[in-house]
Amino acid sequence: MESDLDKEFNEAFYKISKLGKAIAPDIKLKFYAYNKQANFGNKFSFNDEHNVVSAFKLNAWMQLNGMKSEEAKKEYIELAKVVLNNNK
């Protein structure tokens, strides 16, 4: 059974995914990192691509090392609220 936090997180993820406006790269990295931490925790994975984008994404995620899944979901939801309110 899905918790209220999971429902809110999934709704925020859906709304951000469907947002038609551009999001600043630093904010996108935060969304990426919170999502990865919420879903995978500290099980960091890195594809061997030698590009800057992959390195930035991994770095953003690793900065959340030790953050609990629930906290990452809450942070994602709060960030989504700010972005969605600014894009009305």
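Reference entry: report on the structure contained in this document. Just so you know, these numbers come straight off a predicted model, no measurement behind them.

**Some points on the packing of helix 2 (residues 25-40) against helix 3 (residues 52-62)**
At their nearest, the axes of helix 2 and helix 3 sit 8 Å apart, and the two run at 60° to each other. One element, helix 2, and the other, helix 3, form an angle in the oblique class. Where helix 2 crosses over helix 3, the handedness of that crossing is right-handed. Contacts between helix 2 and helix 3 pair Leu29, Tyr32, Ala33, Lys36, Gln37 and Phe40 from the former with Phe56, Lys57, Ala60 and Trp61 from the latter. Classifying every residue of the contact of helix 2 with helix 3 by side-chain character gives 7 nonpolar, 1 polar and 2 charged.

**Focus: the pattern of salt bridges**
Counted under the stated rule, the structure contains 4 salt bridges. Of the charged contacts in the structure, one is a salt bridge between Glu11 and Lys15, with a shortest N-O distance of 3.0 Å. Residue Glu11 and its partner Lys15 are both found in helix 1 (residues 4-17); the two are separated by 4 residues, about one turn of the helix. The exposure class of Glu11 is partly exposed, given its relative accessible area of 46%. Residue classification places Lys15 among the partly exposed positions, given a relative accessible area of 41%. Among the ionic pairs, Lys81 bridges to Glu78, the shortest N-O distance being 3.4 Å. Here Glu78 and Lys81 lie together in helix 4 (residues 69-86), a separation of 3 residues that amounts to about one turn. With relative accessibility at 39%, the residue Lys81 sits in the partly exposed group.

What counts, and at which threshold
- Residues numbered from 1 in each chain as written.
- Predicted model: local features only at pLDDT ≥ 70, side-chain atom pairs only at ≥ 80, totals over all residues.
- Heavy atoms only, no water.
- Axes fitted to C-alpha atoms, helices over the stretch in contact; angles between N-to-C directions.
- Helix = DSSP H or I, 4+ residues; strand = E, 2+ residues; numbered from the N terminus.
- Parallel < 35°, antiparallel > 145°, perpendicular 65-115°, else oblique.
- Left-handed = near helix turned anticlockwise from the far one by under 90°.
- Contact = heavy atoms within 4.5 Å.
- Nonpolar A, V, L, I, M, F, W, Y, C, P; charged D, E, K, R; others polar.
- Salt bridge = Lys/Arg side-chain N within 4 Å of Asp/Glu carboxyl O.
- Buried < 20%, exposed > 50% of the residue type's maximum accessible area, 1.4 Å probe, protein only.

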